[in-house]
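Here are the chains, one letter per residue:
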Amino acid sequence: MFKQLATATLVTGALFTSSVQADQWHMPTPYGDANLPTQIAYEFAEDIKNGTDGDIDITVHSGASLVKHPEIPRAVRTGQVQLGEIFIGIMGNTHPVFKHDNIPFLATTFEDAEKLWEAAKPEIEKQLDKEGMTLLYAVPWPAQSLYTQAPVNTLEDLRGLKMRAYSPSTSRLADLMNTTPTTVQVPEIPQAFSTGIIDAMITSPSTGANGQAWDYLSHYTDIKAWIPKNVVVANKRAFRRLSDEQRKVILDAAAAAEEKGWKGVRKTAAEDTATLAEHGIIVSEPSDELMAELQKIGDIMVKEWEQEAPEEVGAILSRYR
């Protein structure tokens, strides 16, 4: 705890001491180096360093090594760091628009997920701006599917289990599935399974492959429930202090990063699902009964989501549909 506070203090000091030259920036990310979003973050930082002739040198702090994931939005908003990568859904309690890509079965293909992102982006940008942040780019994850320690054919097979949750939407989903939502961040997943804190989770094949899920569970049911995204955001004041040329470099690098994300995730999804099977996890398609039950839950969650913010969510759904 002391180390984290000391580091945060140093980073905050760096923000103010470098505000004129804007030379050393810090970018915490919640995921490890093996993940596609983190790899793209490193390339993004390098593109900016090269494009500004070193005037903006971004240090990427992966694996929540500088700031814990739930605290990254606040760290960016308050200027403790200049940039940060965030799983959009964790901000769902801040405003319902941040839940758009955590609603089950609203967008389950990459094509639909891109369409949903374009529909949601104006509302996301508007809300981030109110909170003192500037949207730079988004990187999608593969579709989220079900990991368990036994086969699942119906929701009854999950009743009473402790389900990993990582956002307000996944907590609500766990409730509707008659499981107990338990908040566990990615680095803590292996230990959480090994110690019985959680019994099941819905997450991407990438998270499972990178976390060696075969060490603590045996089944992967490919329900493709939703396709979430990370966003990279900048502190609005730090971004505005830059010159027009520097901002253009960052925005160009951001556009390139987002394009890499949408292209790369398709390959990553296939490779990581294959990796799960190669290491002994039983990869299976969901039963018709399970999918019908899950779709009903998805319909409930779409209606509840729209009721939370009829104007903003209604605008997203109108543009999407």
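Please read all numbers here as calculations on a predicted model, not as lab measurements.

Colleague: Quick one: what's the story with the nonpolar core, residue by residue and with numbers?
Modeller: Membership of the largest hydrophobic core comes to 87 residues, with the highest contact counts inside it found for Met27, Phe44, Ile58, Leu136, Tyr137, Met177 and Ile250. Of the residues forming this core, the biggest block, eight residues, is contributed by helix α4 (residues 110–130). Beyond its immediate chain neighbours, meaning those up to four positions away, Ile58 contacts Gln24, Trp25, Met27, Ala45, Ile48 and Leu83. In this structure, Ala192, Ile198, Ala209 and Ala213 belong to the second largest nonpolar core, which totals 14 residues.

Colleague: Give me the lowdown on empty space enclosed by the protein, citing residues and values where you can.
Modeller: Under the definition given, this model contains five cavities of 30 Å³ or more. By volume, the largest cavity is sized at about 110 Å³. In terms of lining, the largest cavity is formed by 14 residues, of which the most central are Tyr31, Phe87, Arg164, Tyr166 and Val186.

Colleague: Could you give an account of the environment of Asp129, with specific residues and numbers?
Modeller: In this fold, Asp129 is placed in helix α4. A relative accessible area of 33% means that Asp129 is categorised as partly exposed. Along the sequence, Asp129 and Asn153 sit 24 residues apart, while their C-alpha atoms lie 44 Å from each other. Residues in contact with Asp129, not counting those within four places in the same chain, are Lys236 and Arg240.

Colleague: Break down the sheet that holds strand β3 (residues 83–87) for me, citing the residues and quoting the values.
Modeller: Spatially, β3-β10-β4 is the arrangement adopted by the three strands of the open sheet, whose pairing is antiparallel. Of all the strands in the sheet, the pair left with one neighbour each is β3 and β4 (133–140). This sheet shows a mean twist of 25° between the axes of neighbouring strands, independent of strand direction. One ladder, built from five bridges, connects β3 with strand β10 (residues 229–235); its direction is antiparallel. Bridge pairing links Phe87 to Asn230 in β10. α4 contacts β4 and β10 of the sheet and is inclined by roughly 150° relative to β4. Against the sheet, helix α9 (residues 244–278) engages β4 and β10, with an angle of about 25° to β4.

Colleague: Explain the pairing of strand β1 (residues 24–28) to me, using residue names and the numbers behind them.
Modeller: Most of β1 sits out of view: four of its five residues are buried. As defined by bridge partners, β1 adjoins strand β2 (residues 57–61) across five bridges and the pair is classed as parallel. Across the sheet, residue Met27 finds its bridge partner in β2, namely Val60. Regarding the hand of the β-α-β motif, the stretch spanning β1, helix α2 (residues 36–51) and β2 is right-handed.

Colleague: Give me α2: which residues, what numbers.
Modeller: An α-helical turn contains 3.6 residues, so a residue and the one three or four places further along point in the same direction. For α2, built from 16 residues, the straight-helix expectation of 22 Å at 1.5 Å per residue is met to within 8% by its first-to-last C-alpha distance of 22 Å. Of all the residues in α2, the buried ones are Leu36, Pro37, Thr38, Ile40, Ala41, Phe44, Ala45 and Ile48. At its buried positions, α2 is contacted by β1, β2, β3, β4, β10 and α9. Count one or two residues on from α2 and you reach Asp53, which has phi positive near 55°.

Calculation rules
Residues numbered from 1 in each chain as written. Predicted model: local features only at pLDDT ≥ 70, side-chain atom pairs only at ≥ 80, totals over all residues. Heavy atoms only, no water. Core = buried A, V, L, I, M, F, W, Y, C linked by side-chain atoms within 4.5 Å. Buried < 20%, exposed > 50% of the residue type's maximum accessible area, 1.4 Å probe, protein only. Helix = DSSP H or I, 4+ residues; strand = E, 2+ residues; numbered from the N terminus. Contact = heavy atoms within 4.5 Å. 1 Å grid on protein atoms, 1.4 Å probe; cavity = no way out; pocket = protein on both sides within 12 Å on 5 of 7 lines; lining within 4 Å. Points joined across faces, edges and corners; volume = space filled by probe spheres on them. Pairing = 2+ DSSP bridges. Axes fitted to C-alpha atoms, helices over the stretch in contact; angles between N-to-C directions. Right-handed = clockwise from strand over helix to strand, strands pointing away. Expected span 1.5 Å × (residues − 1).

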